Amino acid sequence: MLYKGIPAAPGIGIGTAFVINDTEFCTVKRNIAKEDIPSETERFKKALNEIRSELEKTKKKAEKLLGKKHVKLFDAYLFVIDDPMLKDDVLSKIVSDRVNAEYALHEVLNKNLKAFDKIKDEYFKERGRDILDVARRVLKYLSGAHKKKIISVPENSIVFAANLTPTDAIAIKEDGIIGFAINMGGKTSHSTIMARALEIPAVVGMNDITQHVHDGDITIIDGIEGVVIANPDKDTLENYKRRRNMFLAEREELILIRDLPSVTKDGKKVVVSANIEIPEEVKSVIAYGGEGIGLFRTEYLYLNRKGFPSEEEQYESYRSVAEKMFPNPIVIRTMDLGGDRFLSYFHLNEEKNPFLGLRAIRFCLKHPDIFKIQLRAILRASSLGNIKMMFPMISGVGELRDVKKILEETKQELKQKGVPYDEHMEVGIMIEIPSAALTVDVLAKESDFLSIGTNDLIQYTLAVDRVNEYVAQLYEPLHLSILRLLKNIIDAGKSAGKWVSMCGEMAGEPSYTEILLGLGLEHFSVAPSSLLRVKNEVRKANYSDAAKTTDEILNEADRDLLVKKVKQKRIY
Ligand code: PEP
Ligand code: MG
């Protein structure tokens, strides 16, 4: 059986399924005698204390293994443990209803989670999951169901769970588990962020995979395509073993080109830089020889917390990444909030179509005071590293001028105070809305560089929601309309004398590298784990031949044929 999800971390794992099925922690109602109330409330308090100290221990381990930033996630759990909802409500239920602690907790949870579920805000949904994760731990403890701790997962297992908590992620890293797939997960979920940092194959957003896969099943996890196969037939298994071996062999071989230049056979030098979502990823960028950071997403600073980050906190973050990458450049993208990334601590009206709503630069233009804090932090950091600034979701030249006006004001304010910043810092824009792609000649004149955000450009051009699994098959980077738009953007940027990068996921797919070179792309920005694979394709390609192939492709009206042609090139 084959199940599809969202690829979260590349690689292929073949192993035995280890299913953490939450229905195991069923709660039975027990009526208790009045004199047993004190011991029952004590039992519940003890469980909370035990889980708290377990979380604190794991938090320390996490800090060592993954760095300080991930510790915030544990703070969210600790916050739940001390939340009166969990403690006081359960205690009073034990007393008033004279029921066992497990049942009281179960009842309180049910009531509250239903309320969370009704709120559409993604942040609240995440908080609901945090509460559920913590409550499950407490239930597990109360019912003595420690048997199936993730710590005791046998080697060579692929873990299937409803959600992967940060604590589980640490255990996974330590236990040598070979992959994981979870029911939940989207762009802003904790588990997706963790999956990237862990570098083991992972698939998220699998709905109810834990209901279909059973303990002991032979399973294949393909973190490249976002696929899980349970009990594969002999041929499929052999095929995936071959692909896994090729993937591993390629990874080992690829490290050899780490310090070699990204240059085509006929001598065309291109730049292969990295996208990062959290500063900890800089380690991988350096390990895989990234020539800078082409997209530093800054949303992590704003999500999963109780208020906006201070200018100082942002400055420290930008400065430390810039210093680690120096002399290579880093492109800091200003906040892209909205869409599927919401703030819990700042009220915004509910939108029917948030991806078409007050997102990214639109939010910043509406709240210049919040925006200016980030601009100041980036400008200040620019005096200490090789920093460039980039604006997301620019839709036209009027909007770009408005944004640049705010930037100019911020610079003047810093100047008046004598605060240093790089006066020559390059300022670029993302081309990710069709209106920008179609007026790119005008935009290029007023920007220092362009960066193509194919994730959004494809969604808006093809009218295919990038997070909707029901239309995922229509999300086609090789659609003729996309290829024509890309050509238009790259040509216009070059004729205006500006450099053009691509930082959407399309840039990191090795089977597209030759086509992109053929379209004239000279700057790629890709996930750290794709750096070497893309560089390898560049080194195998011939720039002038690629241009000829792409010319043919641009005249190819039969989309299916075109997709087939390019996908055939896949090596595993
Ligand atoms: C994109 O849209 O391609 C992009 C890189 O930005 P994000 O994925 O953060 O929207
Ligand atoms: Mg985008």
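Whatever comes next refers back to the structure up there.
Draft legend 1. Representation of the overall build of the protein in the model. Tallying secondary structure elements over the protein gives 22 helices and 16 strands in all. Long-range pairs, those at least 24 residues apart, make up 69% of the contacts in the protein with a sequence separation of at least 6.

Draft legend 2. Examining the coordination of the magnesium ion (ligand 2) more closely. The protein atoms that coordinate the magnesium ion (ligand 2) are E432 (OE) and D456 (OD), at distances spanning 2.0 to 2.1 Å. Here E432, found in the loop between β13 (427–431) and α15 (434–438), pairs with D456, found in helix α17 (residues 454–462); they are 24 residues apart in sequence, far enough to count as distant. For D456, a relative accessible area of 2% gives the class buried.

Draft legend 3. Here's a closer look at helix α2 (residues 71–81). All buried positions along α2 are accounted for by V71, L73, F74, Y77, L78, V80 and I81. Buried positions in α2, seen along its axis, are confined to an arc of 165° and lie on one side of it.

Draft legend 4. Structural context of the nonpolar core. Formed by 95 residues in total, the largest nonpolar core has its most connected members in F391 and L486. Residue assignment places this core across two domains, with domain 3 (277–425) and domain 4 (428–572) each supplying three or more. Apart from the residues within four sequence positions on either side, F391 is in contact with T334, I361, F371, L375, L400, V403, L407, V427, G428, I429 and M430. Ranked by size, the runner-up nonpolar core spans 34 residues in total, among them Y77, M85, V99 and V138.

Draft legend 5. Summary view of the pairing of strand β7 (residues 218–222). Here β7 lies mainly inside the structure; four of its five residues are buried. Across five bridges, the pairing between strand β3 (residues 12–20) and β7 is antiparallel. When the bridges of β7 are listed, I12 appears paired with D222. The turn joining β7 and strand β8 (residues 227–230), which pair antiparallel and follow one another in sequence, is formed by four residues; a positive phi near 75° is taken by G226.

Draft legend 6. Structural detail: helix α1 (residues 37–66). Its 30 residues place the ends of α1 42 Å apart at the C-alpha level, agreeing with the 44 Å of an ideal helix rising 1.5 Å per residue. Restricting attention to buried positions, one finds in α1 the residues I37, E40, T41, F44, A47, L48, I51, L55, T58, A62 and L66. A positive backbone phi angle near 95° is found at G67, which sits one or two residues after α1.

Draft legend 7. Just the sheet that holds strand β6 (residues 202–204), in detail. The sheet built from eight strands is open, its strands ordered β1-β8-β7-β3-β4-β5-β6-β2 with mixed pairing. Each edge of the open sheet carries a strand with a single partner, namely β1 (2–4) and β2 (6–9). The average angle at which neighbouring strand axes cross in this sheet is 30°, direction not considered. Looking at chain direction, β1 and β8 are connected through three bridges and run antiparallel. Within the sheet, the bridge partner assigned to Y3 lies in β8 and is V228. Its contacts with the sheet place helix α9 (residues 234–254) against β3, β7 and β8, and it is angled at close to 115° to β3.

About the cut-offs
- Throughout, residues of each chain are indexed from 1 in the direction in which the sequence is written.
- Here chains are named by letter from A upward and ligands by number from 1 upward, in the order in which they appear as written.
- The model is predicted, so local features are restricted to residues of pLDDT at least 70 and side-chain atom pairs to those at 80 or more, both for listing and for counting; the totals for chains, interfaces and linings are taken over all residues.
- Water and hydrogen atoms play no part in the side-chain values, which are based on all heavy atoms of the structure.
- Where helices and strands are cited, they refer to DSSP runs of H or I of at least four residues and of E of at least two residues respectively, numbered from the N terminus.
- Two residues qualify as a contact provided that any one of their heavy atoms is within 4.5 Å of a heavy atom in the partner residue.
- Each metal's donors are the N, O and S atoms found within 2.8 Å of it, except that Na, K and Ca use a 3.2 Å limit; water is left out, so coordination can look incomplete.
- A simple rule labels every residue: compare its accessible area, found with a 1.4 Å probe on the protein chains alone, to the largest value its type can have, and call it buried under 20%, exposed over 50%, or partly exposed in between.
- For this quantity, the arc is that covered by the directions from the helix axis to the C-beta atoms.
- Grouping buried Ala, Val, Leu, Ile, Met, Phe, Trp, Tyr and Cys residues that are joined through side-chain atoms within 4.5 Å yields what is termed a nonpolar core.
- An automatic or database domain assignment is the source of the domain bounds shown.
- Between any two strands, pairing holds if DSSP finds at least two bridges.
- By this rule the span expected of a helix is its residue count minus one, scaled by 1.5 Å.
- Helix axes are fitted to C-alpha atoms over the stretch in contact, other axes to C-alpha atoms as well, and angles between N-to-C directions run from 0 to 180 degrees.

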